[in-house]
Amino acid sequence: MMSTRDFEHKQIAFVFSNRGEKISFKNDNIIVSDSEGKTKHQSTCYRLFALFVCGDYCVTTGLLERSKKFGFTIVFMTASLRVTMILPSKAEGNVLLRKRQYAYDKTDIAARVISNKIHNQNFLLKKIRKKADDEKRVIADLERYEKDVLNPGLSVQEIMGIEGVSAKLYFKTLFAAYNWKSRQPRVKNDITNTLLDIGYTILFNIVNALLEMYGFDVYVGILHTQFFHRKSLVCDLEEPFRPIVDAAILKAMNLGQVSKKDFWKNQSQYILPWKNSQKYISLILEAIMEYKNEIFIYLQGYYRAFMRDKPAEEFPVFDMEET
């Protein structure tokens, strides 16, 4: 298994094939060059954790062989950043882990994950300067929900209900200065939702790659119900880290880095053209990578706690306030 020290040196590379960028290899190094042949990224394959390929690309046996040899995940995306295929580097045959997954039928770990998420959401709200009375009320409500969701015996539906109410209050308050209506996944009815979709997609695939590394069945969740082709466990364990993306997008908006001119509107959807995507991917990825060690340690701790059948109280917590 990968150690924390090993993961500290891991890197994530993006290739935008529609811009004419190309992948090549020299010895054990991966080289990403732009349309003019200039090197955009170069690193040893030993340090590559994930490779995102955006746009059309012909897969070579050389790429697949190196992915397997050096253990990096490949994520293929369309020019509009929709994931089409994932080739994960994963541990095969962790039978004991999967048996434990299939036998687990409680909600205590799920409740802890959602409580952790609400705590981090509230941390962002507490950073708001000169809070109005309604903002203070929302913060107090989230503090209560963070505790309420840990009440013993709650069903999955009750946990999801608390999470939904908290999220509605949180998003309305966090982006209040921009008259934002609500979080609507995959609808892309405004720029904020479009950017959140992109950010959560990147985060999702990083969490997925780490879970695959331990041999989890990523389709078996602890909160999200099993659904055909949905990686429910990844959806679950992504939750505490979502505020990283929220904070990055809010910061970009506050700094004037988000421009309506970068998007084009197709009927009721805001689309980010591939030629403008690199700027937003960079700022979101930079924010996620600031916490990459914490994400790794959390998922490593989750794996160890789950394998040892520890009580939910001993499962890891990701606290943005302490990092």
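Look a little higher up for the structure.
Residues numbered from 1 in each chain as written. Predicted model: local features only at pLDDT ≥ 70, side-chain atom pairs only at ≥ 80, totals over all residues. Heavy atoms only, no water.

**Quick look at the side chain of Gln121**
Moving on, step 1. As for its placement among the helices and strands, Gln121 is situated in helix 4 (residues 108-126).
Moving on, step 2. Apart from residues lying up to four places away in sequence, Gln121 is in contact with Tyr170 and Pro243. (Helix = DSSP H or I, 4+ residues; strand = E, 2+ residues; numbered from the N terminus. Contact = heavy atoms within 4.5 Å.)

**Observations regarding the packing of aromatic side chains**
Moving on, step 1. Tallying each qualifying case throughout the model produces 19 aromatic pairs.
Moving on, step 2. Judged by centre distance (5.2 Å) and plane angle (90 degrees), the ring pair of Phe7 and Phe49 falls under edge-to-face. Of the two residues, Phe7 sits in helix 1 (residues 4-8) while Phe49 sits in strand 5 (residues 48-54), which places them 42 residues apart along the sequence.
Moving on, step 3. Its relative accessible area of 4% is what places Phe7 among the buried residues.
Moving on, step 4. Relative to Phe318, the ring of Tyr291 lies with its centre 5.6 Å away and its plane at 90 degrees, an arrangement referred to as edge-to-face. Of the two residues, Tyr291 sits in the loop between helix 10 (274-290) and helix 11 (292-307) while Phe318 sits in the segment after helix 11, which places them 27 residues apart along the sequence. Side by side, Tyr291 and Phe318 carry an identical accessibility label, which is buried.
Moving on, step 5. Grouped by ring-pair contacts, the aromatic residues Tyr104, Tyr214, Phe216, Tyr302, Tyr303, Phe306 and Phe315 constitute a single cluster.
Moving on, step 6. Across the ring face of Phe16, the terminal group of Arg19 is positioned such that the distance to the ring centre comes to 4.8 Å. (Phe/Tyr/Trp six-rings, centres within 6.5 Å; stacked < 30°, edge-to-face > 60°. Buried < 20%, exposed > 50% of the residue type's maximum accessible area, 1.4 Å probe, protein only. Lys NZ or Arg CZ within 6 Å of the ring centre and 35° of its normal.)

**Details of the sheet that holds strand 6 (residues 73-77)**
Moving on, step 1. If you walk across this open sheet you meet the 4 strands as 1-5-6-7, and the pairing is mixed. Two strands bound the open sheet, and with one partner strand each, they are strand 1 (11-16) and strand 7 (83-87). Each neighbouring strand pair of the sheet contributes to a mean axis angle of 15 degrees, computed without reference to strand direction.
Moving on, step 2. Relative to strand 6, strand 5 is paired through 5 bridges, and the arrangement is parallel. Bridging across to strand 6, Ala50 finds its partner in Thr73. (Pairing = 2+ DSSP bridges. Axes fitted to C-alpha atoms, helices over the stretch in contact; angles between N-to-C directions.)

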